[in-house]
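Observations on chain architecture
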Amino acid sequence: MLRNRGIAFKLILFFTLSSGLILLLIFGFNYRFSRLLFEKKMADDAENLVHAKVNRIESSLLAVQKVPDTLASLLENSPYRKEELLPLLRALVNNNPDIYGAAIAFEPSGVDGKSPPFAPYFFKQQGELKYADLGKASYRYDHWDWYQLPKEINHSAWSEPYYDDGGGNILMATYSVPFYRMSGSNRQFAGIVTADINLDWLQEVVSSIKVLETGYGFLISKNGTFLTHPLRELIMNETLFGIAEARNDARLREIGRKMIRGESGFVPFRSIVSQEPCWMYYMPVPANGWTLAVLFPQNEFTADIARLSRMIIILGIAGLLLLSIAVAFIARSITNPLAAMAQASKAIATGNLDVELPACASNDEVGKLAEAFRYMKESLKEYITQLTETTASKERIESELKIAHDIQVSILPKIFPPFPDRPEFDIYAVIEPAREVGGDFYDFFFIDDKNFCFVIGDVSGKGVPAALFMAVTKTLIKATAQRGIDPGEILTNVNRELSQGNDSCMFATIFCGMLNTETGALSFANGGHNSPLIVRRDKEPEFLAGTGGLVVGAMEDAAYATQTVPLEPDESLFLYTDGVTEAMDARGEFYSDERLNQQVAQHRGNPIRQIIEGIMENIASFSRGALQSDDITIMMIQFKKNEERTASGITDVRA
Amino acid sequence: MEITTRKEKQVIVVSLQGRLDAVTAPELERRLSALIVQGELFFLLNMNGLEYISSAGLRGILATAKKLKEKQGKIVFAGLKGTVEEVFKISGFLSIFTAFDSEEAALRTME
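Small disclaimer: the values here were computed from a predicted structure and weren't measured.

Some details on the pattern of salt bridges
Residues and elements named next belong to chain A. Tallied over the entire structure, the rule returns 24 salt bridges over all chains. Glu-245 is the salt-bridge partner of Arg-253, the closest N and O atoms lying 3.8 Å from each other. Members of the salt-bridge network, linked through shared partners, are Glu-254, Arg-257, Arg-261 and Glu-263.

Right, here's the structure in full:
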């Protein structure tokens, strides 16, 4: 599927994917790392914040504690009068802003065992300092926890928060210190000195804790009761364990236990207000064992990271887009010329070499390709132009060769029988020119009324030079023969003519014969030509012995002898060129003298035309379509018995 | 065709293998001409390995012989046999050139 896409698509795809992957990795690492940093910072911040608040509360509580501690010590160690105690108590409450109220509650039975209940109490209500005696029957201080607990344990203690109904009439917590009197040697419990703190005050302190948007703090008492909380309905009404129960959250219960045990920690927590996941840092207030917890809303804390991440993602996507555009631009700068070149090469392939090539200004690989392409086009154009010219000239030469070939064939006598009015002999010849213009030729003509000259020859080489040389030779022979000289002299003369100035060393093999058509006497001379076969009536054909002169045109001073052989009626001479004996079959085997001799013997007795045609057929079937490199020429001349001429006294001539 | 040449004293011995025809004859003629231009005058053509010789081959030999004749050089032949010997005989080349049965015989004579 990707295979069919363009380079631009692939480049964009791969670059974007790989860059995206790299960005994603960097982003993931960054996100994780910054989150860790943020969390660590959050934990540190949380610890610092809670520490500060706890210290603030602790120091307030300690300041509050100091008042009853001092007073108890005073009451224990020095005599006092009630009249003096009240202004002191009043002053202490008035001067101590952290204290809501303070009381000195004497043991009702007293040291002497008969004192009535008496507990002077100063407290602040709506900014005014008020006085009340807690010893009144409606209150009965000696039944309250704040009185009972320190009395029992003989030790100062903070009460659990409570609503002081009939006393301060607010939600408070009370620090109580027992004091004693020496009765003889007995140290006897004499009463309780208290200081109250208004839980509203704590509420103020704790609610001043603001963490980001929704973070908040809360305070729980030693048994897990909420002392302060943004949700007011929880205060004094609900415990952390109750929440854990409602949520069925074992982990929260465990956290609660740890808080009560006075441990501190940093734990994940789900906000009671917003139900969002938070981190919670909690720490005990050492003075009274309460625990301050502060919630850090996770989402808000990670909002910065989220914002940063969003920014990075947006930047990344924008970067990727930019990269894609850049890649697309580069890819286009590569593929556009390529596509154009592909288009151009198609056009070139169809033969349009004038097609406009895409302009490519750059000097990069594409530019070089375009340059190479342009060069190729120009070279092709030039080559084709040359080829066209060459082809044209080759065609011209070929057509000239064809003409030469036609001339060659046309100057040979081809009408048979050539002398229908001369029944005393018969002559027939066939030439089968090779594909190229060869140099075979034959000719025959009467010198006078009875002497008939015939020639067969083969010029060395092929082509136009051979054809020209052949034409010259043939003409020369005819002209020379007309002088009435014998064949030997003819060849000697022709040889001399041809040899002069024959720088190209061309030559011809020529067999020149002369038949006395009255007597059958055959005289001949052979200039290097294949020996003809003499076909006797009563004998097997045989090669004419005693030939073997030099080829004609080779040496200026060569001489050729004339030989004679008598022909009886119906006897003939079979002449051929080496194209016959050297005709080849597909395996490169020659037709050979032997085969020729045997074939001639086989056809002996037939009319000469039939013999020649039979042998031509035999050669054709021998070579079976193998391309012949030489002309194939056969000529046969037969002497015939002629009663008429014999009767008219030609015998005299023969005698 | 394969043409190998070596020099025995003053004689260039040329061994021919294959076919000497219109295609290969110009090559032989060119190489022999080059040797003649270099001043070589005596050539022995060993035709023992020659399978066939055409008229173009004969023409090449004739041209070489003519060049040598001008400079009083000489070309002789050895190892003629079969068709090649036949062609030499028919064309009358044996009447104008000297042919020896063997290379050794030829070299002995030329010394």
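Some words on the nonpolar core
In this structure, Phe-454 of chain A together with Leu-45 and Met-47 of chain B are the most contacted members of the largest nonpolar core, which totals 104 residues. Broken down by element, this core gets its largest block of residues, seven residues, from helix H13 (residues 608-623) of chain A. Apart from residues no more than four positions distant in its own chain, Met-47 of chain B is found in contact with Leu-16, Ile-53, Ile-61, Phe-77, Ala-78, Gly-79, Leu-80, Val-84 and Phe-88 of chain B. Of all hydrophobic cores here, the second largest spans 47 residues; its members include Ala-46, Leu-75, Leu-85 and Leu-202 of chain A.

Side note on the confidence of the model for chain B
Residues of chain B with pLDDT of at least 70 account for 99%, and the chain-wide mean is 89. For chain B, helix H5 (residues 103-110) of chain B is the element with the lowest average pLDDT, namely 86, and strand S4 (residues 74-78) of chain B is the one with the highest, namely 93.

As for the packing of helix H1 (residues 7-77) of chain A against helix H2 (residues 82-95) of chain A
Residue and element names in this part refer to chain A. Direction vectors running N to C along H1 and H2 enclose 165°, while the axes themselves pass 11 Å from each other. Judged on the interaxial angle alone, H2 and H1 are roughly antiparallel. Taken as a pair, H1 and H2 cross one another with a handedness that is right-handed. For the pair H1 and H2, the contacting residues are Val-67, Leu-71, Leu-74 and Leu-75 in the first and Leu-85, Leu-88, Leu-89 and Leu-92 in the second. Each residue belonging to the contact of H1 with H2 can be placed in one class, and the counts come to eight nonpolar, no polar and no charged.

Examining the domain arrangement of chain A
With domains assigned, chain A is organised as domain 1 (202-301), domain 2 (359-399) and domain 3 (411-654). Using C-alpha coordinates to define each centre, domain 1 of chain A is positioned 138 Å away from domain 3 of chain A.

Concerning the sheet that holds strand S15 (residues 451-459) of chain A
Residues and elements named next belong to chain A. Read across the sheet, five strands follow the order S14-S15-S16-S17-S20 without closing on themselves; strand pairing throughout is antiparallel. What marks the edges here is a single partner per strand, and that holds for strand S14 (440-446) and strand S20 (563-566). The mean angle between the axes of side-by-side strands here comes to 20°, regardless of whether they run parallel or antiparallel.

So, the interface of chain B and chain A
Every contact between the two is made by 20 residues of chain B and, on the other side, 22 residues of chain A. With both chains or domains summed, chain B and chain A bury close to 1600 Å², and 63% of this area falls on carbon and sulfur atoms. By the criterion of area lost to chain A, the three top residues of chain B are Arg-59, Lys-66 and Ile-90 of chain B, representing 32% of everything that side buries. The tally of links between chain B and chain A comes to zero salt bridges. Put simply, the parts of the chain that give the side of chain B that touches chain A at least two residues each are helix H2 (55-70), helix H3 (82-91) and helix H4 (93-96) of chain B. Ranked by residue count, the leading element in the side of chain B that touches chain A is H2 of chain B, at eight residues. Considered class by class, the residues forming the side of chain B that touches chain A number nine nonpolar, five polar and six charged.

Quick word on the confidence of the model for chain A
Per-residue confidence for chain A gives a mean pLDDT of 85, with 96% of residues at or over 70. Every residue in residues 645-655 of chain A is under pLDDT 50, and counting partners more than four places away or in other chains gives 13 contacts.

Focus on the packing of aromatic side chains
Residue and element names in this part refer to chain A. In this structure the tally under the stated criterion is 38 aromatic pairs over all chains. Considering the side-chain rings of Tyr-121 and Phe-123, the 5.1 Å spacing of their centres and the 15° angle between planes classify their relative orientation as stacked. When sorted by exposure, Tyr-121 lands in the same class as Phe-123, which is buried. Within the aromatic cluster, the residues linked to one another by ring pairs are Phe-416, Phe-419, Phe-425, Tyr-428, Tyr-442, Phe-444, Phe-446 and Phe-452. The side chain of Arg-247 reaches across the aromatic face of Phe-269, ending 5.4 Å from its centre.

Describing the pairing of strand S22 (residues 632-639) of chain A
Residues and elements named next belong to chain A. Most of S22 sits out of view: eight of its eight residues are buried. The side-chain alternation of S22 yields two buried faces, one formed by Ile-632, Ile-634, Met-636 and Gln-638 and the other by Thr-633, Met-635, Ile-637 and Phe-639. Bridge analysis of strand S13 (residues 425-432) against S22 gives eight bridges, and the strand direction is antiparallel. When the sheet's bridge partners are listed, Val-430 is paired in S22 with Ile-634. With five bridges connecting them, strand S21 (residues 572-576) and S22 associate as antiparallel partners. When the bridges of S22 are listed, Phe-574 appears paired with Met-636.

Section: the sheet that holds strand S2 (residues 11-20) of chain B
All names here are of chain B. The strand order S1-S2-S3-S4-S5 describes an open sheet built from five strands, whose pairing is mixed. For this open sheet the edge positions go to strand S1 (2-8) and strand S5 (98-100), each flanked by a neighbour on one side alone. Sheet twist, expressed as the average angle between the axes of neighbouring strands with direction ignored, equals 25°. Sheet strands in contact with H3 are strand S3 (42-53) and S4, and its direction is about 115° off that of S3. Contacts from H5 reach S1, S2, S3, S4 and S5, with the element oriented near 160° to S3.

Here is what the cut-offs are and how they apply
- Residues numbered from 1 in each chain as written.
- Chains lettered and ligands numbered in written order.
- Predicted model: local features only at pLDDT ≥ 70, side-chain atom pairs only at ≥ 80, totals over all residues.
- Heavy atoms only, no water.
- Salt bridge = Lys/Arg side-chain N within 4 Å of Asp/Glu carboxyl O.
- Core = buried A, V, L, I, M, F, W, Y, C linked by side-chain atoms within 4.5 Å.
- Buried < 20%, exposed > 50% of the residue type's maximum accessible area, 1.4 Å probe, protein only.
- Helix = DSSP H or I, 4+ residues; strand = E, 2+ residues; numbered from the N terminus.
- Contact = heavy atoms within 4.5 Å.
- pLDDT = per-residue confidence, 0-100.
- Axes fitted to C-alpha atoms, helices over the stretch in contact; angles between N-to-C directions.
- Parallel < 35°, antiparallel > 145°, perpendicular 65-115°, else oblique.
- Left-handed = near helix turned anticlockwise from the far one by under 90°.
- Nonpolar A, V, L, I, M, F, W, Y, C, P; charged D, E, K, R; others polar.
- Domains from an automatic or database assignment.
- Pairing = 2+ DSSP bridges.
- Buried area = accessible area lost by both parts, 1.4 Å probe.
- Phe/Tyr/Trp six-rings, centres within 6.5 Å; stacked < 30°, edge-to-face > 60°.
- Lys NZ or Arg CZ within 6 Å of the ring centre and 35° of its normal.

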